Amino acid sequence: MIYLDNAATTFPKPDTVYEAVIECMKNYAANPGRGSYDMAVKAAKKVMDTREEIAKLFNVPNLFDIIFTSNATEGLNIGIKGILKRGDHVITTVMEHNSVLRPINYLRKKSVKSSIVGADKYGFVNPKNIEGQIRSSTKMIVVNHVSNVTGSIQDIERIGEIAKKHGIIFMVDVSQSAGTIDIDVDKCNIDIMALPGHKGLLGPQGTGVLYIKEGLKVSEFKSGGTGSNSYSMRQPEFLPDKFESGTLNTPGIAGLYAGVKFIKETGIQNIKKHEFELTEALLKELKLRDYIILYGKENMEDRSAVVSFNIDGIDSSDTAAMLNSKGIGVRNGYHCAPLVHEVIGTKNKGTVRISLGYFNTFEEIEQVVKALDEIHGGID
């Protein structure tokens, strides 16, 4: 199969990722931080090494501010629900995934106020419009760095400056950019950052990362055993233990370590260059076909390797099904981002989404375009 759903999860992974997971499972899959025997010590070291590599990747000064989660959704819930309390106000945008919109909607029942800032037809949010929504009670700004529908890249550096100027917590969802686009938490004034391990970081599913800036007070999301302060019935207040109750996914974290090492050895700029060149080639072909309706910018200015489109006269689900019959895997529907479709005019039909990854090729682009031509030809 030609796999083109990398915005959901990257596939394939580097061979070193598979090998790392199996090696951990076979040789040292003990509970990290729960024992002094060799296997447990090795497991704890792998967790610590992974924490350190991720901290370096995002210029996080203290590796203990890196918290392992099961996915980006868990991290976003920890940050949003752990900060916002009754009477607080939060600003977000129409470009968000439901992993942001649903927690905020839930908090409305607990008297948390929210403002949702609009975007232009290409999916870009004007930072000035975010600043215009700030109130005296505004506690947090939550922004999706890269849209999983239009591929638009938001100016998080500028938004971070606004948040810092007004003393507001800045939280960023980097699910679609981590591992492909350079992100510096200090340069962008990011206070909280959530991401999955299984997308751009090339790790296994069931892994995620949450960064919480040192000194920021966030309420615990769950309580339980951490392997630290075990004599106390109170949850530890220090990071990362405060948010890492229960047994960590050590084999997954081992695979995540291998994924991050692959990124560093390959070079994040080389990964970005390849993915963006593939996307540019795809956009060039799609623009030539008058039966294709494209959403988002039709060039690579401030956009990523996510392309949404429809074939005129064919439902997005039918297009995806016909591509699947030709051995091509794409995503169709609303992509868990309902408000985006009001912006781009696909509220009642969704889109077909092609999301390219480092292991895709130009030959695959040619095969996809050929398949689209065949599908369109079949309805003439």
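Structure's up top.
What you are looking at is a predicted structure, and each value in this text was computed from that prediction instead of being measured.

K.L.:
When you look at the nonpolar core in this model, what are you seeing that I'm missing?
P.N.:
Buried together is how nonpolar side chains tend to be arranged in soluble globular proteins. Ranked by size, the top nonpolar core spans 47 residues in total, and within it F58, I141, F170, I190, M193 and L201 carry the most contacts. At five residues, the largest contribution of residues to this core is made by helix 7 (residues 250-266). Setting aside its immediate chain neighbours within four residues, F58 contacts A178, I183, D184, V185, M193, L195 and L201. By size, the runner-up hydrophobic cluster in this structure holds 29 residues, among which are I292, M300, A371 and L372.

K.L.:
Can you help me understand the sheet that holds strand 5 (residues 138-144) in this one?
P.N.:
Pairing between the strands of a sheet comes from backbone hydrogen bonds, and it takes one of two forms, parallel or antiparallel. If you walk across this open sheet you meet the seven strands as 2-8-7-6-5-3-4, and the pairing is mixed. The open sheet is flanked by strand 2 (66-69) and strand 4 (113-117), the only strands paired with a single partner. On average, each strand axis in the sheet is tilted by 20 degrees relative to the strand beside it, whichever way the strands run. The pairing of strand 3 (residues 89-93) with strand 4 spans five bridges and is classified as parallel. Looking across to strand 4, one finds that I91 is bridged to S115. Contacting strand 3, strand 4, strand 5 and strand 6 (169-173), helix 4 (residues 98-108) crosses the sheet at an angle of about 150 degrees to strand 3.

K.L.:
What am I meant to see in the pairing of strand 13 (residues 351-355) here?
P.N.:
Counting buried residues along strand 13, five of its five residues qualify, which places the element largely inside the surrounding structure. Here four bridges tie strand 10 (residues 306-311) to strand 13, and the two strands are oriented antiparallel to one another. Pairing of V306 across the sheet is with S355, part of strand 13. Pairing of strand 12 (residues 331-333) with strand 13, which is carried by three bridges, proceeds in the antiparallel orientation. Its bridge partner lying in strand 13, G333 is registered against T351.

K.L.:
Would you mind showing me how to read the packing of aromatic side chains here?
P.N.:
Aromatic rings considered in pairs are described by the distance between their centres and by the relative angle of their planes. All chains considered together, the criterion is met by four aromatic pairs. Residues F262 and F359 carry aromatic rings whose centres are separated by 5.8 Å and whose planes lie at 35 degrees to one another, so their mutual orientation is tilted. Taken together, the residues span a long stretch of sequence, with F262 in helix 7 and F359 in the loop between strand 13 and helix 11 (362-377) at a distance of 97 residues. Ring plane angle 75 degrees and centroid distance 5.4 Å describe the contact between Y358 and F359, whose orientation is recorded as edge-to-face. Here a set of aromatic residues connected by ring pairs shows up, and it is made of F262, Y358 and F359. Positioned over the ring face of Y106 is K81, at 4.5 Å from the centre of the ring.

K.L.:
Looking at this model, I keep getting lost on the pairing of strand 10. Mind explaining?
P.N.:
Regular strands have side chains that alternate between both faces of the sheet. Across the six residues of strand 10, six count as buried, placing the element largely inside the fold. Here strand 10 shows no split at all, with V306, S308 and N310 on one side and V307, F309 and I311 on the other all buried. Relative to strand 10, strand 9 (residues 292-295) is paired through four bridges, and the arrangement is antiparallel. Across the sheet, I292 pairs through a bridge with I311, a residue of strand 10.

K.L.:
Is there a simple way to think about the pattern of salt bridges in this case?
P.N.:
Side chains that carry opposite charge are capable of pairing whenever their charged atoms lie near each other. Going through the model one piece at a time under the given rule, you end up with 17 salt bridges. The closest approach of N and O atoms between E52 and K56, which form a salt bridge, is 3.9 Å. A residue pair is termed a helical-turn pair when its members lie 3 or 4 positions apart in one helix, as E52 and K56 do in helix 2 (residues 38-57) at four residues. On the basis of relative accessibility, which here comes to 32%, the residue E52 falls in the partly exposed class. A salt bridge links E374 to K326; the shortest N-O distance between them is 2.9 Å. Here E374, found in helix 11, pairs with K326, found in the loop between helix 9 (316-325) and strand 11 (328-329); they are 48 residues apart in sequence, far enough to count as distant. With relative accessibility at 40%, the residue E374 sits in the partly exposed group. Connected through salt bridges with shared partners, the residues E53, K261 and K264 form a single ionic network.

K.L.:
Explain the environment of H274 to me, please; I cannot follow it from the model alone.
P.N.:
Within the secondary structure, H274 sits in helix 8 (residues 268-287). For H274, a relative accessible area of 18% puts it in the buried group. Linking H274 and S230, residues 44 residues apart in sequence, is a C-alpha distance of 48 Å. For H274, the residues in contact, after removing those within four places along its chain, are G357, Y358, N360 and F362. Among the polar contacts listed, one links the side chain of H274 to the backbone oxygen of Y358, at a separation of 3.3 Å.

Calculation notes
- Residues numbered from 1 in each chain as written.
- Predicted model: local features only at pLDDT ≥ 70, side-chain atom pairs only at ≥ 80, totals over all residues.
- Heavy atoms only, no water.
- Core = buried A, V, L, I, M, F, W, Y, C linked by side-chain atoms within 4.5 Å.
- Buried < 20%, exposed > 50% of the residue type's maximum accessible area, 1.4 Å probe, protein only.
- Helix = DSSP H or I, 4+ residues; strand = E, 2+ residues; numbered from the N terminus.
- Contact = heavy atoms within 4.5 Å.
- Pairing = 2+ DSSP bridges.
- Axes fitted to C-alpha atoms, helices over the stretch in contact; angles between N-to-C directions.
- Phe/Tyr/Trp six-rings, centres within 6.5 Å; stacked < 30°, edge-to-face > 60°.
- Lys NZ or Arg CZ within 6 Å of the ring centre and 35° of its normal.
- Salt bridge = Lys/Arg side-chain N within 4 Å of Asp/Glu carboxyl O.
- Polar contact = N/O pair within 3.5 Å; in protein donor to acceptor, adjacent residues only side chain to side chain.

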